[in-house]
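# Structure assessment
Take a look at the letters that make up each chain.
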Amino acid sequence: MNENLSSFVEKCEELRTYSENCLEDLQINRRSAIYAAHASISYEHFASMLMLIRNHCPASAAALARPHFETLVRGMWINLMCDDSDIEKLFAWKRLEKLPKIVPMLDDIDKGYGADGAIKSFHAHWKTLCGLTHGGPEQLCRRFLPDGKICSSFSEEDLVKILKLTADASTFGVIPLLVTLGEQEKADGLHTFHSKIFGWSN
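Procedures and definitions
- Residues numbered from 1 in each chain as written.
- Predicted model: local features only at pLDDT ≥ 70, side-chain atom pairs only at ≥ 80, totals over all residues.
- Heavy atoms only, no water.
- Helix = DSSP H or I, 4+ residues; strand = E, 2+ residues; numbered from the N terminus.
- Rg over C-alpha atoms; globule rule 2.2 N^0.38 Å.
- Buried < 20%, exposed > 50% of the residue type's maximum accessible area, 1.4 Å probe, protein only.
- Contact = heavy atoms within 4.5 Å.
- Areas by Shrake-Rupley, 256 points an atom, 1.4 Å probe, with all protein chains shown as cover.
- Lys, Arg positive; Asp, Glu negative; His and termini not counted.
- Charge placed at Lys NZ, Arg CZ, Asp CG, Glu CD.
- Phe/Tyr/Trp six-rings, centres within 6.5 Å; stacked < 30°, edge-to-face > 60°.
- Lys NZ or Arg CZ within 6 Å of the ring centre and 35° of its normal.
- Salt bridge = Lys/Arg side-chain N within 4 Å of Asp/Glu carboxyl O.
- Core = buried A, V, L, I, M, F, W, Y, C linked by side-chain atoms within 4.5 Å.

We now examine the overall build of the chain. On a plain count of helices and strands, the chain comes out with 10 helices and 0 strands. For the chain, the succession of helices and strands along the chain, N to C, is α-α-α-α-α-α-α-α-α-α. Relative to its length of 202 residues, the chain is compact, with a C-alpha radius of gyration of 17 Å against a globular reference of 17 Å. Along the three orthogonal principal directions, the C-alpha set of the chain runs to about 55 × 35 × 30 Å. Taken over 202 residues, the chain has a buried fraction of 43%. Within the chain, contacts between residues at least 6 apart in sequence are counted, and of these 70% link residues at least 24 apart. When the accessible surface of the chain is summed, it comes to about 10,600 Å², and 53% of that surface belongs to carbon and sulfur atoms. If the 22 positive side-chain charges of the chain are averaged to one point and the 27 negative ones to another, these points end up 7 Å apart.

Position of L72 relative to the elements: it lies in helix α4 (residues 65-81). Taking the relative accessible area as the measure of exposure, L72 reaches 2% and is therefore buried. Taking the C-alpha atoms as reference points, L72 and S40, separated by 32 residues in sequence, lie 8.9 Å from one another. Every residue in contact with L72, bar those within four places of it in the chain, is listed here: A39, S42, A169, S170 and G173.

All right, on to the side chain of H68 then. Looking at where H68 falls in the secondary structure, it is placed in helix α4. In this structure H68 touches S42, H45, F46, T166, A169 and S170, once residues within four positions along its chain are discounted.

Here we take up unusual backbone geometry. Even without glycine at this site, D25 takes up a positive phi of about 60 degrees. Structurally, D25 can be placed in the loop between α1 (3-22) and α2 (30-54). Residue D25 is classed as exposed on the basis of its relative accessible area, which comes to 72%. Here the phi dihedral of W93 falls at roughly 60 degrees; this positive angle occurs in a residue that is not glycine.

We now examine the packing of aromatic side chains. In this structure the tally under the stated criterion is 6 aromatic pairs. Plain terms: the ring middles of F91 and W93 are 6.2 Å apart, the flat faces sit at 50 degrees to each other, and that makes the pair tilted. We classify W93 as exposed; its relative accessible area is 70%. By the ring-pair criterion, three or more aromatic residues cluster together here, those being F69, F122, W126 and F172. When the ring centre of F91 is taken as reference, the NZ or CZ atom of R30 above it lies at 4.0 Å.

This part covers the pattern of salt bridges. Summed over the entire model, instances satisfying the criterion amount to 10 salt bridges. With its nearest N and O atoms 2.6 Å apart, the salt bridge here joins R16 to E20. With R16 and E20 both in helix α1 and 4 residues apart, this pair spans about one turn of that helix. Note on R16: relative accessible area 13%, which makes it buried. Of the charged contacts in the structure, one is a salt bridge between D84 and R31, with a shortest N-O distance of 2.9 Å. Pair noted here: D84 is in helix α5 (residues 84-91) and R31 is in helix α2, with a separation of 53 residues, a long-range link.

Right, let's talk about the nonpolar core for a bit. Core analysis: the biggest nonpolar cluster contains 59 residues, and F69, I78 and L163 have the highest contact counts within it. Among the elements that line this core, the one with the most residues is helix α9 (residues 156-180), at 11 residues. Look past the residues within four positions of F69 in its chain and what remains in contact with it is I102, L106, F122, W126, L129 and A169.

Okay, structure coming up:
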């Protein structure tokens, strides 16, 4: 791993650690606990992505970008749209029936949390994330070298873009939870920390 990518991975680790710390010692009810649990799962995916990149497994790291993103989106949507009986069903470890597809979820979330299009803008990345997870052309085109040899050919630029999108989703996915729980100072701090390190893709 070259120096530029290594530095970016370290920045992502700093953000992930800061974000997870924001979730500590929250005064949460059963609804927000489900949201926080989804966020916690997504941060474990993020940590795994960073570990895989450090260990020269970029395809596997890229494949986790969709589960990371989708887990956050589900947590946000459930917090916003589900009734109390659905929350109790989740605490009984049962599946919810008829969850919408990801794009309608993003629309609901963007409107419900007043994101002014910032969350909806992730629509544009969904097909790419699916292809990276399911061995689509986004993976296949990065599995050949120019001489035809079959091995990983993810570039530094590829990995930085994937990690940047993951970092943005991580922050967008947790700030509404903090605001909902009255933790505006933590929410503002996370936004400022992210902006200082990365800026924004959207």
